[in-house]
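Overview (structure and organization)
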Amino acid sequence: MKRFYKAVSIAPSGNGFAVLLDGKPVKTPARHGLVLPTQRLAAAIAAEWQAQGDTIVATSMPLLRLANTVIDGVAVNREDVITAILRFGENDLLCYRAHHPPELAMRQREGWDPMLDWARQRLSARMTVAEGLGHVDQSPETLAALREALTNYDAFILAGLHVIASITGSLVLALAVVEGQTTGVHAFMLSRIDESYQAEKWGEDAEAQKRTAALAHELDKAVELIDAVR
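Residues numbered from 1 in each chain as written. Predicted model: local features only at pLDDT ≥ 70, side-chain atom pairs only at ≥ 80, totals over all residues. Heavy atoms only, no water.

**Points about the pattern of salt bridges**
Under the counting rule described, the total for this entry stands at eight salt bridges. Measuring nitrogen to oxygen at the nearest pair gives 2.8 Å for the salt bridge that ties R97 to D113. Of this pair, R97 sits in strand β5 (residues 96-97) while D113 sits in helix α4 (residues 102-123); the two residues are 16 residues apart in sequence, bridging distant segments of the chain. Taking the relative accessible area as the measure of exposure, R97 reaches 8% and is therefore buried. With a closest N to O distance of 2.8 Å, E200 and R107 form a salt bridge. Taken together, the positions of E200 in helix α9 (residues 193-202) and R107 in helix α4 put the pair 93 residues apart, joining distant regions of the chain. Among the residues examined, E200 registers a relative accessible area of 53% and is labelled exposed. What makes R107 partly exposed here is its relative accessible area of 21%. (Salt bridge = Lys/Arg side-chain N within 4 Å of Asp/Glu carboxyl O. Helix = DSSP H or I, 4+ residues; strand = E, 2+ residues; numbered from the N terminus. Buried < 20%, exposed > 50% of the residue type's maximum accessible area, 1.4 Å probe, protein only.)

Here you go:
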């Protein structure tokens, strides 16, 4: 799509801030008003619009796409979204351990055990850990604790959480990022202990490196969204 506007600005709108293109408010794909909860997020999305050249490239506006998802989807399907995020806790990456080789098992313990300890202490979520890839059931009490934690967040935080959990395969890591226990960069590194170990042993091709970089960037933008709405 060719760029159809010259000026980008933000302005108060209802309980938030709108992004304006030549003075006209931006709409979501579902034709809802793009009203953001904080001036910081509105300014960040306005910067994405401002950075467009002669042609608008939607994929270069990740914060806009996330905000559209929140307004058109998450906000009106909150309970469904919480249930979807909780599935990453039911099958949390941090609960599936290698028993061989010993070096990999040690890296998992050193990286993942502190996160599970934090979840137990901060969230009262006692995650069950097992060796191998066979499914391990988490207790109803643990899942209830994780669900309770999720209900404390607004739609924007939930959207960011969903992205982080999807990329890392871990609800514990996603919650640790949101609660400030770890950074997005560190959570991504922890989620890729297995892949990093294999790359050290066998190498990593350029295509795999490109996919890894794309996932890291997507996670960074989810963290940016979370930070911008606080």
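Structure shown, so let's carry the discussion forward.
**A look at the nonpolar core**
Membership of the largest hydrophobic core comes to 76 residues, with the highest contact counts inside it found for I45, W49, L161 and L175. Residue contributions to this core peak at 10 residues, all from helix α6 (residues 155-168). (Core = buried A, V, L, I, M, F, W, Y, C linked by side-chain atoms within 4.5 Å.)

**Thoughts on the packing of aromatic side chains**
Evaluation of the coordinates by the stated rule reveals two aromatic pairs. Judged by centre distance (5.2 Å) and plane angle (75°), the rings of F4 and Y5 are edge-to-face. Residue class for Y5 comes out buried when judged on its relative accessible area of 4%. Taken together, a centroid distance of 5.6 Å and an interplanar angle of 80° make the contact between Y5 and W49 edge-to-face. Here Y5, found in the segment before β1 (8-13), pairs with W49, found in helix α1 (residues 39-50); they are 44 residues apart in sequence, far enough to count as distant. Members of the aromatic cluster, joined through ring pairs, are F4, Y5 and W49. (Phe/Tyr/Trp six-rings, centres within 6.5 Å; stacked < 30°, edge-to-face > 60°.)

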